[in-house]
Amino acid sequence: MMKKTLIYSFVARGMVILADYTEFTGNFISIASQCLHKLPSKDNKFTYNCDGHTFNYLVEDGYGKVYCIYFLGTYCIVAVESVGTQLPVAFLERVRDDFNRRYSEGKATNAAANSLDREFGPRLKEHMQYCMDHCEEISKLEKVKAQVSQVQGVMRENIEKVLDRKDKIDPLVDKTDKLRSQAQEFKGQGGQIRRKMWWQNMKIKMIVIGIIIALILIIVLSVCHGFKC
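A brief structural summary. (Residues numbered from 1 in each chain as written. Predicted model: local features only at pLDDT ≥ 70, side-chain atom pairs only at ≥ 80, totals over all residues. Heavy atoms only, no water.)

Focus: the overall build of the protein
From N to C terminus, the protein includes four helices and five strands. Reading the secondary structure of the protein in the N-to-C direction produces β-β-α-β-β-β-α-α-α. Residue burial in the protein is summarised as follows: out of 229 residues, 31% are buried. The contacts of the protein with a sequence gap of at least 6 include a subset with a gap of at least 24, amounting to 58%. Of the roughly 15600 Å² of accessible surface on the protein, a fraction of 60% belongs to carbon and sulfur atoms. (Helix = DSSP H or I, 4+ residues; strand = E, 2+ residues; numbered from the N terminus. Buried < 20%, exposed > 50% of the residue type's maximum accessible area, 1.4 Å probe, protein only. Contact = heavy atoms within 4.5 Å. Areas by Shrake-Rupley, 256 points an atom, 1.4 Å probe, with all protein chains shown as cover.)

Listed below in structure tokens is the structure:
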């Protein structure tokens, strides 16, 4: 017979346990309830170790959002410490999905403590048995999910680096465009200066030529006048 590795589970709304299930007796029930009151009020997974057991919690804020119903849903599984974390996490996710699917219309919003034991207690038992019967397959699946999550994390990091690099490149592109614009403006101004210098040179040359022509005329006129005299 397979050793029981998952021994106690419950579903809670805030601090109110709506349904739970176990085949055993022990102080793990009171410890699980005490830990419930110490959990941070945010979406996350938490694990506590005590007396050779792990107390695993999945906290999810905003259950029933489709129907605008909000409360802090908490899912717990107490497991033998040697089983690790993959199997408890897989169990918690299965229970969360099942619970949300069954009570998405808001029945659990105002339910009293342990009022869902008869409805959902057997489902907790079924999920516990399924996870224990398929622990190897679940372990492999969790490893694949972890690898996928790691790849997604790397891709997200690369995308962030690209976006960050783009933020750094954009100012350089702006500076390059500005320099190109300044270069074109300088080139235009250089052309104007060259044309201006060319005209100035032409004026000087024309003045020099005019002076030379005037001197030649003066000399010629002087010589002609001398011959007449």
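Having seen it, we continue.
What about the pattern of salt bridges?
The tally for this structure, following the rule as stated, stands at nine salt bridges. For the salt bridge of Glu23 with Lys4, the shortest nitrogen-to-oxygen distance reads 3.9 Å. Placement of Glu23 in the loop between strand S2 (16-22) and helix H1 (28-36) and of Lys4 in the segment before strand S1 (6-13) is noted, with a sequence separation of 19 residues between them. Its salt-bridge partner being Asp98, residue Arg123 comes within 2.8 Å of it at the nearest N-O pair. Placement of the pair is Arg123 in helix H3 (residues 117-133) and Asp98 in helix H2 (residues 86-102), with a sequence separation of 25 residues. Since its relative accessible area comes to 2%, Asp98 is described here as buried. Through salt bridges that share partners, Asp98, Arg101, Arg102, Arg123 and Glu126 make up one connected network. (Salt bridge = Lys/Arg side-chain N within 4 Å of Asp/Glu carboxyl O.)

Let's talk about the environment of Asp98
With 29 residues separating them along the chain, Asp98 and His127 place their C-alpha atoms 9.5 Å apart. Among residues more than four places away in sequence, those in contact with Asp98 are Phe120, Arg123 and His127. At 2.8 Å, the side chain of Asp98 and the side chain of His127 are in polar contact. (Polar contact = N/O pair within 3.5 Å; in protein donor to acceptor, adjacent residues only side chain to side chain.)

Remarks on the packing of H2 against H3
Across the interface, H2 lies against H3 with an axial gap of 10 Å and an inter-helix angle of 145°. As for how H2 packs across H3, the hand of that crossing is right-handed. Facing H2, whose interface residues are Leu87, Phe91, Arg94, Val95, Asp98, Phe99 and Arg102, H3 presents Phe120, Arg123, Leu124, His127, Met128, Tyr130 and Cys131. Split into classes, the residues belonging to the contact of H2 with H3 amount to nine nonpolar, one polar and four charged. (Axes fitted to C-alpha atoms, helices over the stretch in contact; angles between N-to-C directions. Left-handed = near helix turned anticlockwise from the far one by under 90°. Nonpolar A, V, L, I, M, F, W, Y, C, P; charged D, E, K, R; others polar.)

Thoughts on the packing of aromatic side chains
Within the structure shown, the criterion is met by eight aromatic pairs. Aromatic side chains Tyr8 and Phe28 sit 5.9 Å apart centroid to centroid with 50° between the ring planes, which places their arrangement in the tilted category. With a gap of 20 residues between them, Tyr8 in strand S1 and Phe28 in helix H1 connect regions that are remote in the sequence. Ring geometry for Tyr75 and Phe99: centres 6.1 Å apart, planes at 75°, overall edge-to-face. Of this pair, Tyr75 sits in strand S5 (residues 72-80) while Phe99 sits in helix H2; the two residues are 24 residues apart in sequence, bridging distant segments of the chain. Comparing Tyr75 with Phe99 shows no difference in burial state: the two are buried. The rings of Tyr8, Phe10, Phe28, Tyr48 and Tyr57 are connected pair by pair, giving a single aromatic cluster. (Phe/Tyr/Trp six-rings, centres within 6.5 Å; stacked < 30°, edge-to-face > 60°.)

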